[in-house]
Amino acid sequence: MSFTATLAGIFEGLGVTATITFYGMMFAVPFALVFGVLQHFTRGFVHLLVTSIIEFWRSSPVIILLFVFYYSLPSFGITLSGITVGAMALGLNIGGYGSQSVRAALQALDVGQVEAGKALGLRRIEILGLIELPQAFAAMMPTFINQFIQLIKGTALVSLITLTDMTFRAKEISQLQYDPVGTYTALLLAYFIVCYPATILGRWTERRVSIEGRGQRDV
């Protein structure tokens, strides 16, 4: 099998890789926003509880999460599909890191913004949604973009729970061709082909958000 054919065979798993990435972001973004905001605003026991949840997902190795949710939960009568397990484990792990970006962005805002909102008669939740989060969004973008790329690369782990992603396809081809060097070189190139355009798009988005943010501040 030629190198081109090997690469084409690996890309047969791109659909699974893309699906895991998409659904992983569906877990990561809401988790990051909700828990980042909660960690910023809560105090006492609630703050400790929120922080503990975040740190659980941040500190747990993704490979262990995959094994626990896919192989151990059925023992308790809970069976999840491989797609669900992969998206949840990767997404919540990434979301744990993203929550810290949200918290840091909110903490960096001038407290005068909140006081101005209160002077206008806005409720606290309205100040958060209309004033704080839109301004913090620009500061969050670089981290979220990096974590999106990390999520794409992290999908390689779902091959361990028998999902036929690009890494799983590479394993199959390597076993058939007895050419691990050529096959995994092709896999490395495949991930570069997938991730590099995401990097370019992310940088463009980051610049756009930064320009719009500066424009709003100037006004």
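Residues numbered from 1 in each chain as written. Predicted model: local features only at pLDDT ≥ 70, side-chain atom pairs only at ≥ 80, totals over all residues. Heavy atoms only, no water.

**Describing the side chain of Gln147**
The condition is simple: Secondary structure elements follow DSSP: runs of H or I no shorter than four residues count as helices, runs of E no shorter than two count as strands, and numbering proceeds from the N terminus. We call a residue buried when its accessible area falls under 20% of the maximum for its residue type, exposed when it is over 50%, and partly exposed in between, using a 1.4 Å probe and counting protein chains only. The contact criterion used is simple: two residues touch if any of their non-hydrogen atoms lie within 4.5 Å.
By the element assignment, Gln147 lies in helix α7 (residues 124–154). On the basis of relative accessible area, Gln147 is assigned to the buried category, the value being 10%. With near-sequence residues (within four places) excluded, Gln147 lies in contact with Ile94, Tyr97 and Gly98.

**A short note on the packing of helix α2 (residues 14–41) against helix α3 (residues 44–59)**
Quick note on the threshold: Helix axes are fitted to C-alpha atoms over the stretch in contact, other axes to C-alpha atoms as well, and angles between N-to-C directions run from 0 to 180 degrees. With the far helix as reference, a near helix turned anticlockwise by less than a right angle produces a left-handed crossing, and one turned clockwise produces a right-handed crossing. Only Asp, Glu, Lys and Arg are considered charged, only Ala, Val, Leu, Ile, Met, Phe, Trp, Tyr, Cys and Pro nonpolar, and every remaining residue, Gly among them, polar.
Contact pair α2 / α3: the axes reach a minimum separation of 9 Å and the direction vectors enclose 145°. For the crossing formed where α2 meets α3, the hand is left-handed. Residues Phe31, Phe35, Leu38 and Gln39 of α2 lie in contact with α3, whose contacting residues are His47, Val50, Thr51, Ile53, Ile54 and Trp57. Classifying every residue of the contact of α2 with α3 by side-chain character gives seven nonpolar, three polar and no charged.

**Quick word on the packing of α3 against helix α5 (residues 82–107)**
Note the following rule: Here the angle decides the label: under 35 degrees means roughly parallel, over 145 means roughly antiparallel, 65 to 115 means roughly perpendicular, and every other value means oblique.
Two elements in contact, α3 and α5, have axes separated by 7 Å at closest approach and are oriented at 125°. The angle between α3 and α5 places the two elements in the oblique class. In the packing of α3 onto α5, the handedness of the crossing is left-handed. Only Leu92, Asn93, Gly96, Tyr97, Ser99 and Gln100 of α5 make contact with α3, whose side of the interface consists of Ile54, Trp57 and Arg58. Among the residues making up the contact of α3 with α5, the classes are represented as four nonpolar, four polar and one charged.

**Here's the deal with the environment of Leu66**
Among the secondary structure elements, Leu66 is positioned in helix α4 (residues 62–72). Contact partners of Leu66, with chain neighbours within four places excluded, come to Tyr71, Val85, Gly86, Ala89, Leu157, Val158 and Ile161.

**Some points on the pattern of salt bridges**
Note the following rule: Think of a salt bridge as a Lys or Arg side-chain nitrogen and an Asp or Glu carboxyl oxygen that are within 4 Å of each other.
Enumeration according to the criterion identifies five salt bridges in this entry. Among the ionic pairs, Glu12 bridges to Arg169, the shortest N-O distance being 3.0 Å. Here the residue Glu12 occupies a position in the loop between α1 (3–10) and α2, and Arg169 occupies one in helix α8 (residues 166–177), the gap between them amounting to 157 residues. Residue Glu12 is classed as exposed on the basis of its relative accessible area of 59%. Residue classification places Arg169 among the buried positions, given a relative accessible area of 17%. For Arg169, the salt bridge is made with Glu172, and the minimal N-O distance between the two is 2.6 Å.

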